Amino acid sequence: MDGDRVEIDGGIMEGGGQILRVSTALSCLLGLPLRVRRIRAGRSQPGLRPQHLSGLEIIRDLCEGKLEGGEIGSTEITFTPGKIKGGTHIADTKTAGSVCLLMQVAMPCVLFAASPSELHLKGGTNAEMAPQIDYTVMVFKPIVEKFNFTFNCDIKKRGYYPQGGGEVVVQMSPVKELSPINLTERGTVTKIYGRAFVAGALPIKLAKDMAAAAVRCIRKEIRDLYINIQPVREPDDQAFGTGSGIIVVAETSTGCLLAGSSLGKRGKNSDKVGIEAAEILLRNLKHGGTVDDSLQDQLIVFMALAKGVSRVKSGPITLHTQTAIHFAEQLTKAKFTVTKSEEEHPSKDTYIIECQGMGMINPNL
C-alpha cells in the first residue's frame, strides 16, 4: 500500500471489468483510496474500454473524487473518493457499452448517498457480455430489492450494437442500511414468461420465430406449464438502431426468478436465438439453486454491505462470483463461505453462499 492506498491486481481471476466495478464501488462507499493495476489484463484488448471509463467517471462524479489514469487503453488508475452526494448524474459510453454494467457500479454507491439520485445512463441496453436491460428489470430488480431498498428504472430508449444510443433513467433514494437476504428455498416453477423483441429494420416474424423456438425447447422438459413469451416490435421512437433478442423467465412458488436470454446477430438463425435462451433457462432450473448464474455475482456486493447474515442457494459458482467475493472480502470486513448444499441430491451441483455482512451504515442519514 502506498500510504493507505489499497492495491488491486486487475489481472487475476476473472481479469476483466468486473474487478474494476466491484473495487471502485467499494472504494467509494468506504472512503478507501485505491490503485488498480493490470486493468483487464486477461482480455484480448487490455486496459480501459469506453464502458469502463464511463463507469469510473460516474463513480468519481458521484463522490467528487479524484481519478488519475482515466483514459481509454489505460491499464492503471488511482482513485481517491470524496463524499457521496445525490442529485442527477449522467454517464454516456458513446458506444454500445452496457448501461446495465454502469448501473452495477453506481447503484451500491447512491444507496448510501446524502439525498435521492437520478442516474441517466447512455449506451447499449441489450449488449453482448452483459445483462440485458430486460433482465435487469425482470429479474435483478425484484430480487435485489429484497435487501430492503427500491429503485425505479425507466427505459427511455433502447440501443444496440454497434452504435448504442440507448438511455435508461434510474431513480433511487438512499437507505440507512441494507437488510440481509435469505434465498435458500427454491419451491416449484409456477410460470414461465418472457419477451422476444425486434427493433429497427427487422420484421416481427423474427420475434415470433424466436419465441416459438424457445417454447418448443422448454416443452421437451416442462410439459404442463403455460409458457407466455410475447413477441414485440420496439416502437421506432423508443429504439435506436437495429437489434433483436429474447429473455425467458421462470418464476417459482417462493418468488425466485431465474432466466435465460440471448441476442440475435447477423447470420444467426432466429430459432437458434430462441433455443439458446431456453437452454440457458433449463440449465439454471436443473441445478436446484434459487438464483441463475447471471444474478449470482450481482448480489455479492449487496450481501457484503448488508447488516447480518445473507444466504443464497446457487448452482455452480461462476468465476465472476468468485472474483466478486475475493475483492469484497479484500475491501470490506464481510466474510463469505461457500459450501456444497447438503439437502440436494448428491448429483446436483448446488451450493450455499453465506455472507456475514459488514453492516454498512449511511453516515448521511
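Just so it is clear, the structure is predicted and the values come from calculations on it, not from any experiment. All residue numbers here refer to positions counted from 1 along the written sequence of the relevant chain. Owing to the predicted nature of the model, reporting of local features is limited to residues with pLDDT of at least 70; listing and counting of side-chain atom pairs is limited to 80 or more, with chain, interface and lining totals taken over all residues. Side-chain figures throughout are based on the complete set of non-hydrogen atoms in the structure, without hydrogens or water.

K.L.:
How should the side chain of His-89 be read in this particular structure?
P.N.:
Numbering of helices and strands runs from the N terminus; a helix is a DSSP stretch of H or I covering at least four residues, while a strand is a stretch of E covering at least two. By the secondary structure assignment, His-89 is in strand β5 (residues 87-92). Using a relative accessible area of 7% as the deciding quantity, one classes His-89 as buried. In terms of polar contacts, His-89 uses its side chain to reach the backbone carbonyl oxygen of Gly-86, at 3.2 Å. Discounting residues that sit within four places of it in the chain, His-89 has contacts with Ile-58, Asp-61, Leu-62, Glu-118, Leu-119 and His-120. Relative accessibility decides the category of a residue: with a 1.4 Å probe and only protein chains considered, values under 20% of the type maximum give buried, values over 50% give exposed, and everything between is partly exposed. Here a polar contact means two N or O atoms within 3.5 Å. Within protein one must be a hydrogen donor candidate and the other an acceptor candidate, and residues neighboring in sequence count only if both atoms are side-chain atoms. The contact rule is simple, with two residues in contact once any of their heavy atoms fall within 4.5 Å.

K.L.:
Before we go on, may I ask you to explain the packing of helix α5 (residues 204-219) against helix α6 (residues 270-286) in this structure?
P.N.:
Helix-helix packing: each pair is described by the crossing angle between the helix axes and the interaxial distance. To obtain an axis, a line is fitted to C-alpha atoms, over the contacting stretch when the element is a helix, and the angle between two such axes runs from 0 to 180 degrees between their N-to-C directions. Put simply, α5 and α6 touch, their axes get as near as 7 Å, and they point 40° apart. For the element pair α5 / α6, the angle class is oblique. Where α5 crosses over α6, the handedness of that crossing is right-handed. Judged by residue contacts, Leu-206, Asp-209, Met-210, Ala-213, Ala-214, Arg-216, Cys-217 and Ile-218 of α5 engage Ser-270, Asp-271, Val-273, Gly-274, Ile-275, Ala-278, Glu-279, Leu-281 and Leu-282 from α6. Any residue outside Ala, Val, Leu, Ile, Met, Phe, Trp, Tyr, Cys, Pro, Asp, Glu, Lys and Arg is labelled polar, Gly included; the first ten of those are nonpolar and the last four are charged. Per-class residue counts for the contact of α5 with α6 are 11 nonpolar, two polar and four charged. Each angle gets one of four labels, with under 35 degrees taken as roughly parallel, over 145 as roughly antiparallel, 65 to 115 as roughly perpendicular, and the rest as oblique. Note on convention: the crossing is left-handed when the near helix lies turned anticlockwise from the far helix by less than a right angle, right-handed when the turn is clockwise.

K.L.:
What should I look at first to understand unusual backbone geometry in this one?
P.N.:
With glycine set apart, most residues show a phi of negative sign, and most peptide bonds adopt trans. Between Tyr-161 and Pro-162 the backbone carries a cis peptide bond, its omega angle lying at 5°. With respect to the element layout, Pro-162 can be found in the loop between β7 (151-159) and β8 (166-172). Phi is positive for Met-13, close to 50°, though the residue is something other than glycine. Despite not being glycine, Met-129 shows a phi value in the positive range, around 60°.

K.L.:
Help me understand α6, please; the structure alone is not making it clear to me.
P.N.:
Each α-helix turn comprises 3.6 residues. Residues three or four places apart therefore point the same way. Helices are assigned an expected span. That span is 1.5 Å times one less than the residue count. The end-to-end C-alpha separation of α6 is 25 Å, in line with the 24 Å expected for 17 residues at 1.5 Å each. For α6, the set of buried residues is Ser-270, Val-273, Gly-274, Ala-277, Ala-278, Leu-281, Leu-282, Asn-284 and Leu-285. When α6 is viewed along its axis, its buried side chains cluster within an angular range of 165° and face the same direction. In α6, the exposed positions that point more than 90 degrees away from the buried face belong to Arg-283 and Lys-286. Sitting at the head of α6, Asn-269 places a side-chain oxygen 2.6 Å from the backbone nitrogen of Asp-271. Along the arc lie the directions from the helix axis toward the C-beta atoms.

K.L.:
Which parts of the structure should I look at to understand the pattern of salt bridges?
P.N.:
Where charged atoms of side chains with opposite charge meet at close range, the side chains can pair. The rule for a salt bridge is simple: a side-chain nitrogen of Lys or Arg has to be within 4 Å of a carboxyl oxygen of Asp or Glu. Within this structure, the stated rule accounts for 23 salt bridges. In this structure, Glu-221 engages Lys-286 in a salt bridge whose closest nitrogen and oxygen atoms are separated by 3.7 Å. With Glu-221 in the loop between α5 and β11 (227-233) and Lys-286 in helix α6, the pair connects residues that are 65 residues apart, well separated along the chain. Classification of Lys-286 by relative accessible area gives exposed; the value is 52%.

K.L.:
Explain the side chain of Ser-54 here, please?
P.N.:
Of note, Ser-54 is situated in helix α2 (residues 50-62). Overall, Ser-54 belongs to the buried group, its relative accessible area being 5%. A polar side-chain atom of Ser-54 sits 3.3 Å from the main-chain carbonyl oxygen of Asp-92. Those residues in contact with Ser-54, other than ones at most four positions away along the chain, are Ala-91, Asp-92, Thr-93 and Leu-102.

K.L.:
How should the pairing of β11 be read in this particular structure?
P.N.:
Side-chain direction in a regular strand flips from residue to residue, so the side chains alternate between the two faces of the sheet. Pairing of strand β10 (residues 189-199) with β11 involves seven bridges; the strand directions are parallel. Opposite Val-198, over in β11, you have Arg-233 as the bridge partner. The definition of a right-handed crossover adopted here requires that, viewed with the strands pointing away, the path from the first strand over the helix to the second runs clockwise. Traced from β10 through α5 to β11, the parallel crossover comes out right-handed. Think of it this way: DSSP has to see at least two bridges between two strands before they count as a pair.

K.L.:
What exactly am I supposed to notice about the pairing of strand β1 (residues 6-9) here?
P.N.:
What you see with β1 is a clean split: Val-6 and Ile-8 sit on the buried side and Glu-7 and Asp-9 on the side with no burial. Pairing of β1 with strand β2 (residues 34-37), which is carried by four bridges, proceeds in the parallel orientation. The partner of Val-6 across the bridge, within β2, is Leu-34. This β-α-β element, β1 to helix α1 (residues 17-30) to β2, shows right-handed connectivity.

K.L.:
Sorry if this is basic, but what is going on with the UniProt feature "domain: RNA 3'-terminal phosphate cyclase insert" (unreviewed entry) in the protein here?
P.N.:
In this structure's numbering, the residues bearing the UniProt feature "domain: RNA 3'-terminal phosphate cyclase insert" (unreviewed entry) are residues 184-285. In residues 184-285, the share of helix is 31% and the share of strand is 36%. The end C-alpha atoms are 14 Å apart. UniProt positions are given in the numbering used here, feature names are shortened, and annotations may be inferred rather than shown by experiment.

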